[in-house]
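Next come the chains, spelled out residue by residue.
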Amino acid sequence: MEKNTYLSVPYKLFEFSLKVLRPPKLRLRLSFPSLPPWLIFIVLLVSYILVISGIIYDVIVGPPAMGTTIDPVTRTLKPVAFAQGRINAQYVIEGLSVGFFYALGTAGIILLDVSSTSTLLKEYQVYCWILAMLLLFGFYRMMIVFIQMKLPGYLEFHYQ
């Protein structure tokens with residue numbers, strides 16, 4: 001019995017098409033302006049922050065920048081930045097703050113990569129590693145705080 005018989009027929013068809021068809025020899029000269037790598041990195045990082053922040057949700061749904069709730073003591077409206085108890089909704093400020101902390105976590109990962117290169121002095125490698133660990137710990141801790149603000153009572157026995 002032949003192994004992988006269900007793959008042999010499409011493979012043979014693909015192999016036959018490569019023998020019959022050949023790609024055309026094109027000599028296209030495309031001239032793109034040479035962009036510096038740091039500019040490409042900044043554009044990608046900003047677009048990453050905006051997508052993580054939920055800018056697409058904000059454009060489609062159009063939530064308010066901040067919400068309000070009634071203070072139980074004074075019976076006045078007070079502003080809130082997190083849509084508490086509503087996991088499928090967010091305010092604009094909530095999304096931007098989460099995106100900012102995701103960017104800090106990303107910077108921590110990038111610094112870990114930079115600290116692993118051998119071109120830096122040992123002292124700078126240690127500084128990069130310490131700063132990366134601080135950024136990653138801060139990112140993780142703030143995400144726990146944001147989840148606890150979003151969902152009251154979540155993880156209350158683990159983080160007090």
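All values derive from a computational prediction rather than experimental measurement.

1. A word on the nonpolar core
F82, V98, F101, F139, M143 and F146 form the largest nonpolar core, which has six residues in total. At the level of elements, helix 4 (92-115) and helix 5 (122-150) are the ones that each hand at least two residues to this core. The element contributing the most residues to this core is helix 5, with three residues. For M143, the contacting residues outside a window of four places in its chain are V98, F101 and Y102.

2. Some points on the environment of Y57
Mapped onto the secondary structure, Y57 falls in helix 3 (residues 55-61). When its relative accessible area of 28% is taken as the criterion, Y57 is described as partly exposed. Once residues within four sequence positions are removed from consideration, Y57 is found in contact with G62, P63, N88, A89 and Q90.

3. With respect to the pattern of salt bridges
By the definition in use, this model includes one salt bridge. Across the pair K150 and E94 runs a salt bridge whose closest N-O atoms are separated by 2.9 Å. In this pair, K150 sits in helix 5 while E94 sits in helix 4, placing the two residues 56 residues apart along the sequence. Note on K150: relative accessible area 8%, which makes it buried. By relative accessible area, which is 6% here, E94 ends up buried.

4. Quick word on the UniProt feature "transmembrane region" (unreviewed entry) in the protein chain
Here the UniProt feature "transmembrane region" (unreviewed entry) sits at residues 38-60, 91-112 and 124-147. Strand forms 0% of residues 38-60 and helix 96%; the C-alpha atoms that close the span are 31 Å apart. Taken end to end, residues 91-112 is 95% helix and 0% strand, and its two terminal C-alpha atoms sit 32 Å from one another.

Definitions and cut-offs
- Residues numbered from 1 in each chain as written.
- Predicted model: local features only at pLDDT ≥ 70, side-chain atom pairs only at ≥ 80, totals over all residues.
- Heavy atoms only, no water.
- Core = buried A, V, L, I, M, F, W, Y, C linked by side-chain atoms within 4.5 Å.
- Buried < 20%, exposed > 50% of the residue type's maximum accessible area, 1.4 Å probe, protein only.
- Helix = DSSP H or I, 4+ residues; strand = E, 2+ residues; numbered from the N terminus.
- Contact = heavy atoms within 4.5 Å.
- Salt bridge = Lys/Arg side-chain N within 4 Å of Asp/Glu carboxyl O.
- UniProt positions renumbered as here; feature names shortened; annotations may be inferred.

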